[in-house]
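Working through the structure, step by step
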Amino acid sequence: MTHYEPRHQAEAKDRLAIERVLALDPRGLFETVASRGITMCGVIPTTVTLVAALALGATEAELARYATSGDVTGDDRQVVGYAGFVIR
């Protein structure tokens, strides 16, 4: 997800992208990341995954876990966000 921003900023930006994944909205994810300056590496693979999942009949997504590097290092000044999803 977001790279090298203060934790509160990263979490806010990541929440926007996470909402689009949970809504199974590939176009919305791509547009949100681009328009909000979210430094999410993997946005293209995630967008493609959503397109493929929808084509295969997916109807829901669940956030398995969200964390930041600050959870491990204790340093919240510049974190990297991580999110895992289950798509059914």
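This text goes with the structure placed above it.
Conventions used here
Residues numbered from 1 in each chain as written. Predicted model: local features only at pLDDT ≥ 70, side-chain atom pairs only at ≥ 80, totals over all residues. Heavy atoms only, no water. Core = buried A, V, L, I, M, F, W, Y, C linked by side-chain atoms within 4.5 Å. Buried < 20%, exposed > 50% of the residue type's maximum accessible area, 1.4 Å probe, protein only. Helix = DSSP H or I, 4+ residues; strand = E, 2+ residues; numbered from the N terminus. Axes fitted to C-alpha atoms, helices over the stretch in contact; angles between N-to-C directions. Parallel < 35°, antiparallel > 145°, perpendicular 65-115°, else oblique. Left-handed = near helix turned anticlockwise from the far one by under 90°. Contact = heavy atoms within 4.5 Å. Polar contact = N/O pair within 3.5 Å; in protein donor to acceptor, adjacent residues only side chain to side chain. Nonpolar A, V, L, I, M, F, W, Y, C, P; charged D, E, K, R; others polar. Expected span 1.5 Å × (residues − 1). Arc of directions from axis to C-beta.

**As for the nonpolar core**
Core analysis: the biggest nonpolar cluster contains 12 residues, these being Met1, Ala17, Ile18, Val21, Leu24, Leu29, Val33, Ile38, Met40, Val43, Leu50 and Ala61. For this core, the elements supplying multiple residues, two or more each, are α1 (7-22), α2 (26-36) and α3 (43-55). Residue contributions to this core peak at three residues, all from α1.

**Quick notes on the packing of α2 against α3**
Two elements in contact, α2 and α3, have axes separated by 8 Å at closest approach and are oriented at 165 degrees. Classed by the angle they form, the pair α2 and α3 counts as roughly antiparallel. α3 is crossed by α2, and the crossing has right-handed handedness. Contacts between α2 and α3 pair Pro26, Leu29, Phe30 and Val33 from the former with Val43, Ile44, Thr46, Thr47, Leu50, Val51 and Leu54 from the latter.

**A short note on the side chain of Thr2**
Structurally, the position occupied by Thr2 is in the segment before β1 (3-5). Within the structure, the side chain of Thr2 is placed 2.5 Å from the side chain of Asp14, a separation counted as a polar contact. Excluding residues that lie within four positions of it along the chain, Thr2 makes contacts with Ala10, Lys13, Asp14, Ile38, Thr39, Val79, Val80 and Gly81.

**A short note on the packing of α1 against α2**
Between α1 and α2, whose axes approach to 8 Å, the crossing angle comes to 165 degrees. Classified by the interaxial angle, the pair formed by α1 and α2 is roughly antiparallel. Classified by chirality, the crossing of α2 by α1 is right-handed. Facing Lys13, Leu16, Ala17, Arg20 and Val21 of α1, the residues of α2 in contact are Gly28, Leu29, Thr32, Val33 and Arg36. Across the contact of α1 with α2, the residue classes tally to five nonpolar, two polar and three charged.

**Quick notes on α3**
Compared with an ideal rise of 1.5 Å per residue, which puts 13 residues at 18 Å, α3 spans 18 Å between its outermost C-alpha atoms and is within 8% of the ideal. Residues of α3 that are buried: Val43, Thr47, Leu50 and Ala53. All buried residues of α3 project into a common sector of 125 degrees when viewed along the axis, lining one side. For α3, the exposed residues lying more than 90 degrees away from the buried face are Val48 and Ala55. In the core, the buried residues of α3 are packed alongside α1, α2 and β3 (79-87). Just past α3, the residue Gly57 takes up positive phi, approximately 100 degrees.

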